[in-house]
Structures are given as C-alpha cells and as structure tokens.
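Listed below are the residues making up each chain.
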Amino acid sequence: MKPIIEIKDLKVIYNEGKANEYAALRGESLDIYPEEYIILFGPSGCGKSTLLYSILGILAPTGGKLLIKGDDVYKYSSDEMVKFQQNVIGIIYQSFNLIPSLSVLDNVSLPLIFSGMSPADRERKGMALLKRFAIDQQAKKLSTNMSGGQMQRIAVARSLINDPEILLADEPVGNLDSVSSAEVMDTLEEINIKDKKTIILVTHDAKFIPYAHRVYFMKDGGVEREVVNPEKKQIKSVAPGTTILTEIEKLARIYPYISIDELRVKSIANYLVEELGFEQLETVEKLVEMMIRGTVTKERFIAALMAPFSRGGLEFTHDKAQKMLEKTENILNLAREVRQYRERLQEKYNSPKQLERIKNLRNEIIRECVFEISGMQIKWLDENIASRVAGFISMEDFRERLSLVAEKKGGGFSPRQAQAISRYLEKFIAQGVHL
Ligand code: ADP
C-alpha cells in the first residue's frame, strides 16, 4: 500500500530573507496511509498548524517533498487546486469558521455551489449530513445561535459535504467544554472508522492521543518521534524488529516529554514499588536509574534501600533489599536478551542462540509467575513469547491468548497467572526496545 501523503525534509520559512525570517518547519519527514487517524502532537508554536496548512495546499513549502496521492499539489493549475480542495481534502478549525449570516443548512451545503448540483439536491445532501450529526432540528436557524459543540458539528458536516478522502482538524475541540469535546472527538473517530476517511488532527492535549493509530510528537519545527498506538490495529505495516507495541510507548503517552531513558526507569520503578507507598517511588527510581547506567554497586544499592528514612532510605530488611536488587538485575539482564533477540530477528531461522534466549525468558517467567506447568504449556510459552517479543502480536492479544483453552490455541493459564506473565514479560520488552 502506498502512503496517501508523503512528506520528506519539508521546510517552511516565514518571511524568508527578511529581518523577521522564521523557520517554522525545519526538515519534517512523515508518511500517512489511507484510512489512518494521525495525530500531530506538540506544544504550542512547534509548527503543527504550519504543517497542516501546507498539506491543505494553502502554504507553499520552502523546500523538501510534499506529495498527496502522488502529486505535488503546488504544481496544480488553479482549477486543479480548487478540485483538490473540494474533493480530496477538507478541514475543520478550532474557531469553526462558519458564516454568521447564513443558516446552518446553507453553511453546510455552501461548498456544493461550485459543483453544478441543483439547489434541491444541495439541500437534500446538506440535510442528510445534519441529520447524521443530530443538528437537523436547527437547519433553518442562524449558526450564531448554536452552542460551541453544535457549531463544531456543523463544521464537521460542512467538511464532509464533498466527501473528501482526507480530513484535517486543527485543534477542533480547543474551544469546547469536555462534554462537547468528547462528542466531537467521537464523531471524528466514527468518520475515520465508518466513512474510512484519513484524519490528521492537530492537538497539544495528550488526552486525545488514544484516538490515533499513530502519533507524531513534534518539537521546534521537527518530528521528534513517532509512536504507534498499541491499542489500534495498524494500517501502516509495522516492520518486525523496528517498531514494537510496548509498555514504553504507553508510558510515552502518559509522560509525553520524558526521554526514553527516563521512561525505562519509570517502567521498572513502577513495577518494583507496587507493594510500597508512592512516596518511596523517587528513591527507587533514582537507584534503578543508577543501576541502568552502571553507576551503583550492588552493595550500595542494598545499603541505600536499608538506610533509615531520615537519610532518604526505605528501612528495608537486608532480605527485602536483596530481593529488589535481584528483580532489577533479572529485568535488565533479560531485557538485554530481548534486545539481542530483536536485533537478530532478520535471520531466516531461529538459531540455537535465539532459542536459548527465549528459553531463559520462559524459565524466569515460570519461576516468578507460575508454579506448576505442563510440557504443553512450556512449548506454548516458547512459541508465544517469541511472537510477542518480535512484535508480531500485541500485548493485548498475548494476554488474551494466555488464558484461552488449548483447543482455542491458548495457553490454558488462569486469569491471575495470565496477568502476571504478561506484565512481567512486558517489563523485559520495555527495557529492550529502541524507539
Ligand atoms: P502550532 O500550530 O504548533 O502552535 P504554528 O505552526 O502555528 O505552531 O507556528 C509555528 C511557529 O511559526 C510559531 O513560532 C509561530 O509564531 C510562527 N508563525 C506562524 N505563522 C506565522 C506567520 N504567518 N509569520 C511568521 N511566523 C509565523
């Protein structure tokens, strides 16, 4: 499948050559596939809207490549550009951009004026969309008398009137209360899933990230990283060995501006302090960080955990401190094996070394999470751990399969065991992953 939008090294410089010259995009690269829901996420001023307007065909790039359905739209004649903006691409804005002197229905059907359609047909088509978004009762009223949520739904209806393939949304719920926001966000999701439109949504609000298939995190005029939403079935193929659906990616959604190394620390620390209080997290995080960096000895690690509260310690017994050290070491060692496994995924057949790595993971998982296990279950674990580590199945699929019965190709573990196994395995994957 080919991307519907291809962007490579895109540059946009405002006021080029003048004293107030400003490079808003400094070499952006991304690709978007048909029917994807993409979020451009980043702080205010990072260039999200600039990118959106370039895609819309109203802001010519200064350099780089921007192809939509294989075409450089900035080479279009003015007729071709009108067709593109009518039939290929639609947009909704934060401020709705409705025409106050027109009725709701006329606002929605206005773009059809250029289509040659009869007024009666235009009205019919407009009404159908108003009905769909539950604003048909308001059709004859002026759009100025509507609530924010209604106005945005009118704008959504208008953006769909020409049935474009791509829908752009620039902070579409930025002006709405939380109930209206959720309505509009759900509407956009429905348009993505049911109408199969490609959606590119700009936001600086992390809570909308779960709607997208993929998120481009932007910073200072560039894409800082691309994150795949592990909860959505992907449209762009996820190459084995490159992107993986991990806990780290989930954490990255919760703490979007934290570096990968900090996320790794969080992932282990959250696991270790499960039985402890939240206030102890910081101490554990610090120690795990030092452990990952190799700047603390085992003795110091244990001593720090055993130290009295007054000196920032946790007053652990030696036994308990020793256990935490072992857990941390285990996770880091096995994570190394996961990383090595993934780096060698391209090998055609599983080498003995690769099988050994999976066996080590499996043994550790059994030791920690399951006490009795059948030969069948061991074989099942080996196959399924390998698929999960390689990223061929998602965390959710793996977890679900664990507790299915053998006839349904499941592992036959109890729900409690399934949860423990899955959580523990994700720990190694999280630590072993490169983003
Ligand atoms: P975002 O949508 O992420 O908030 P924008 O794309 O709107 O960011 O803007 C990126 C940067 O470009 C900002 O620093 C902004 O001030 C600047 N900028 C935007 N539009 C113009 C313009 N027409 N002229 C000069 N600078 C602009």
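Preceding this section is the structure that the text describes.
Residues numbered from 1 in each chain as written. Predicted model: local features only at pLDDT ≥ 70, side-chain atom pairs only at ≥ 80, totals over all residues. Heavy atoms only, no water.

Notes on helix α9 (residues 281–293)
Then, number 1: Helix length check: α9, at 13 residues, gives a terminal C-alpha distance of 18 Å against a target of 18 Å (1.5 Å per residue), a fit within 8%.
Then, number 2: Those residues of α9 that sit buried are Leu281, Thr283, Val284, Glu285, Leu287, Val288 and Met291.
Then, number 3: Those residues of α9 that are buried are in contact with α8 (260–272), α10 (298–306) and α11 (318–343).
Then, number 4: Within two residues after α9, glycine 294 carries a phi angle of roughly 75 degrees, on the positive side. (Helix = DSSP H or I, 4+ residues; strand = E, 2+ residues; numbered from the N terminus. Expected span 1.5 Å × (residues − 1). Buried < 20%, exposed > 50% of the residue type's maximum accessible area, 1.4 Å probe, protein only. Contact = heavy atoms within 4.5 Å.)

Let's talk about the nonpolar core
General note: in soluble globular proteins, nonpolar side chains tend to be found buried as a group.
Then, number 1: Residues Leu361, Ile385, Ile421, Leu425 and Phe428 are the most contacted members of the largest nonpolar core, which totals 47 residues.
Then, number 2: If you list the elements that add at least two residues to this core, you get α8, α9, α10, α11, α12 (352–369), α13 (375–390), α14 (395–402) and α15 (415–432).
Then, number 3: Here this core takes 8 residues from α11, the largest share from any one element.
Then, number 4: The contacts of leucine 361, once residues within four sequence positions are left out, are Leu334, Val338, Ile385, Val389, Leu425 and Phe428. (Core = buried A, V, L, I, M, F, W, Y, C linked by side-chain atoms within 4.5 Å.)

A look at a nonpolar patch on the surface
Then, number 1: On the surface, Ile99, Leu110, Ile113 and Phe114 cluster together into a nonpolar patch covering about 360 Å² of accessible area.
Then, number 2: Tracing the chain through its elements places isoleucine 99 in the loop between β5 (89–93) and α3 (104–109). (Patch = residues over 30% accessible without salt bridge, like charges linked within 9 Å, V, L, I, M, F, W, Y side chains within 5 Å. Areas by Shrake-Rupley, 256 points an atom, 1.4 Å probe, with all protein chains shown as cover. Salt bridge = Lys/Arg side-chain N within 4 Å of Asp/Glu carboxyl O.)

Here's the deal with the sheet that holds strand β6 (residues 166–170)
Then, number 1: One open sheet accounts for 6 strands, arranged β5-β6-β7-β3-β8-β9; its pairing is mixed. In this open sheet, the two edge strands, each paired with only one partner strand, are β5 and β9 (222–228). Averaged over all neighbouring strand pairs, the angle between strand axes comes to 20 degrees, with direction disregarded.
Then, number 2: Direction of pairing for β6 relative to strand β7 (residues 198–203): parallel, over a ladder of 5 bridges. Its bridge partner being in β7, aspartate 170 is matched across the sheet by valine 202.
Then, number 3: Contacts between helix α5 (residues 148–160) and the sheet are confined to β5 and β6, with β5 contributing the most and set at about 170 degrees to the helix. (Pairing = 2+ DSSP bridges. Axes fitted to C-alpha atoms, helices over the stretch in contact; angles between N-to-C directions.)

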